[in-house]
Amino acid sequence: MPMSENFQGRLYPDLKEIAQHFGTPFHIYDEQGIKETGDRLLNAFKDFEGFREYFAVKALPNPAILSLMGSMGFGFDCSSIPELVLSRKAGARADDIIFSSNNTTLEEFEAALGNGGSIINLDDVTMIDKLPQMPERICFRFNPGADRSGNDIIGNPAESKYGVTTAQIEDAYKKSMELGAKRFGLHTMLVSNELSREYIIQTGEMLLTLSEKISKSLGIKFEFINIGGGIGIPYKPEDPHFDLESLAAGIKDLYTKFQEKNGYTPRLMMECGRFMTGPHGVLVTTAINKKEIYRKYIGVDTCMAALMRPALYNAYHHIDVLGKMDESQATEVVDVVGSLCENNDKFAIQRPLPIIEDGDLLVIHDTGAHGHAMGFNYNGRLRPQELMLRSDGSVELIRREETIDDHFATLDFESNVYKP
């Protein structure tokens, strides 16, 4: 199952009472599961000196989650001013943040360089001249174009808006050196939710080969390579779990060969978001309607404003019906739908599920990354609350639900009229 048996075993016995206490809908995250995944990541890469995970804040930008990441020694991958603010409030300083944005404004660069700074990861050669000042340390995001394939979420690298091309990359570092940069990193992010360890090992090999080439040409050493995030999770019950330990072993072989040839190795960095939190969150919602027309529809008390991945990517999220998970249960094929005025407001399409009645609790798996974070307010729908199942079994509110006052807050402003 996508959701771990451990998470189920600690959540499901009390879920009915939790739902009665807080009301539905809500996302709930598993503190213990997140810690265990963090420990597994650190253990897998323990032989890499200076290895560091930079949690992708975009996956789950909640202060309670960021504090948990900081407690494990992780840094933060940011791409906006609010993400910088959240990370710094969680205690991040300088080396704890890598700022990777695209089409970045001067205001964003100033925020990234100020308040203790961060590692600047430039997405475009034109941004070199748009920096307020060249920092001592600079990184570029590399896009290999047609030399590599991508996947459905990010797309074909040759068609991607991200990164610096093969033809541009060396000149980007040369120009940065001329403007005062003395420390260098190299980054890429080619895929998202990738379950093939071979692909990510190839990405590590690509970066090491490129860093070696640039080093020889420009006489510099790379302080780090960042292989990005993109490690996938098994959304479907039949999907394999990602072999993290085998990935680490494969990259270690690359590092050993690099060390033998070059006499040093750059630090290894990665920026997993989904892998860290995705399986450790679920969206809990109540069935409120059953409609039978050309299909059978189960209406629930939330909508794609709380989880848009199925609509955006046609993504699969497993669903449990609390108390009806016995395989002997009778099933029927249904669409599970929300209340939005959009026909793609669906959590499941033609899914065989136990027979659902009004009042049943549905648990939508794997919403711990890009669930609440991708929420929106179309139709005036308000995003739900977030809860944390603590390691001691308690459940804590870590974000209240939005209110109508929140929704209308931007309509409270002083008059401002331009007259030509």
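No experiment lies behind these values; they were computed from the predicted model shown. (Residues numbered from 1 in each chain as written. Predicted model: local features only at pLDDT ≥ 70, side-chain atom pairs only at ≥ 80, totals over all residues. Heavy atoms only, no water.)

Draft legend 1. Highlighting the packing of helix α2 (residues 31–44) against helix α8 (residues 244–262). For the pair α2 and α8, the least separation of the axes is 9 Å and the interaxial angle reads 25°. Relative to α8, the element α2 is oriented roughly parallel. The handedness of the crossing between α2 and α8 comes out as right-handed. Contact with α2, carried on its side by Arg40, Leu41 and Ala44, involves Leu244, Glu245 and Ala248 of α8 and no other residues of that element. (Axes fitted to C-alpha atoms, helices over the stretch in contact; angles between N-to-C directions. Helix = DSSP H or I, 4+ residues; strand = E, 2+ residues; numbered from the N terminus. Parallel < 35°, antiparallel > 145°, perpendicular 65-115°, else oblique. Left-handed = near helix turned anticlockwise from the far one by under 90°. Contact = heavy atoms within 4.5 Å.)

Draft legend 2. Focus on the packing of helix α6 (residues 166–178) against helix α7 (residues 197–218). Orientation of α6 relative to α7, taken along the N-to-C sense of each, is 50°, at an axis distance of 10 Å. When the interaxial angle is binned, α6 and α7 end up oblique. Crossing hand, α6 versus α7: right-handed. Contacts between α6 and α7 involve Ile169, Glu170, Tyr173, Lys174 and Met177 from the former and Leu210, Lys213, Ile214, Ser217 and Leu218 from the latter. Class assignment of the residues belonging to the contact of α6 with α7 gives a composition of six nonpolar, one polar and three charged. (Nonpolar A, V, L, I, M, F, W, Y, C, P; charged D, E, K, R; others polar.)

Draft legend 3. Geometry of the pairing of strand β8 (residues 222–226). Most of β8 sits out of view: four of its five residues are buried. In this fold, strand β7 (residues 183–187) hands off to α7, which returns the chain to β8; that crossover is right-handed. With three bridges joining them, β8 and strand β9 (residues 267–270) adopt parallel strand pairing. Along β9, the bridge assignment pairs isoleucine 225 with leucine 268. Remark: the β8/α8/β9 crossover connection has right-handed handedness. (Buried < 20%, exposed > 50% of the residue type's maximum accessible area, 1.4 Å probe, protein only. Right-handed = clockwise from strand over helix to strand, strands pointing away. Pairing = 2+ DSSP bridges.)

Draft legend 4. Layout of the environment of leucine 389. Within the secondary structure, leucine 389 sits in strand β16 (residues 385–389). A relative accessible area of 2% means that leucine 389 is categorised as buried.

Draft legend 5. Expanded view of the state of the cysteines. Enumeration according to the criterion identifies zero disulfides in this entry. Between cysteine 78, a free cysteine, and cysteine 139, which holds the nearest cysteine sulfur, the sulfur-to-sulfur gap is 14 Å. Since its relative accessible area comes to 0%, cysteine 78 is described here as buried. Of all cysteine sulfurs in the structure, the one in cysteine 341 sits closest to cysteine 303, which takes part in no disulfide; the separation is 9.9 Å. For cysteine 303, a relative accessible area of 4% gives the class buried. (Disulfide = S-S within 2.5 Å.)

Draft legend 6. Expanded view of the packing of aromatic side chains. Enumeration over the complete set of coordinates arrives at seven aromatic pairs. With a centroid separation of 5.3 Å and 70° between ring planes, the pair formed by phenylalanine 48 and tyrosine 255 is classed as edge-to-face. Of this pair, phenylalanine 48 sits in the loop between α2 and β2 (52–56) while tyrosine 255 sits in helix α8, placing them 207 residues apart in sequence. Under the relative-accessibility criterion, tyrosine 255 is labelled buried at 6%. In textbook terms, an aromatic cluster arises when at least three aromatic residues are bridged by ring pairs, as seen for Phe45, Phe48, Phe51 and Tyr255. For arginine 52, the ring lying beneath its charged end belongs to tyrosine 54, and the centroid distance is 5.4 Å. Directly above the aromatic system of tyrosine 162 lies the positively charged group of arginine 141, at a separation of 4.2 Å from the ring centroid. (Phe/Tyr/Trp six-rings, centres within 6.5 Å; stacked < 30°, edge-to-face > 60°. Lys NZ or Arg CZ within 6 Å of the ring centre and 35° of its normal.)

Draft legend 7. Structural detail: the pattern of salt bridges. With the rule as written, the count across this model stands at 24 salt bridges. The salt bridge involving arginine 52 is made with aspartate 96; its shortest N-O contact spans 2.9 Å. Residue arginine 52 is located in strand β2, and its partner aspartate 96 is located in strand β4 (residues 94–100); the two are separated by 44 residues in the primary sequence. A relative accessible area of 19% means that aspartate 96 is categorised as buried. Arginine 137 serves as the salt-bridge partner of glutamate 223, at 3.3 Å between the closest nitrogen and oxygen. Placement of glutamate 223 in strand β8 and of arginine 137 in strand β6 (residues 137–141) is noted, with a sequence separation of 86 residues between them. Judged by relative accessible area, which is 23%, glutamate 223 ranks as partly exposed. (Salt bridge = Lys/Arg side-chain N within 4 Å of Asp/Glu carboxyl O.)

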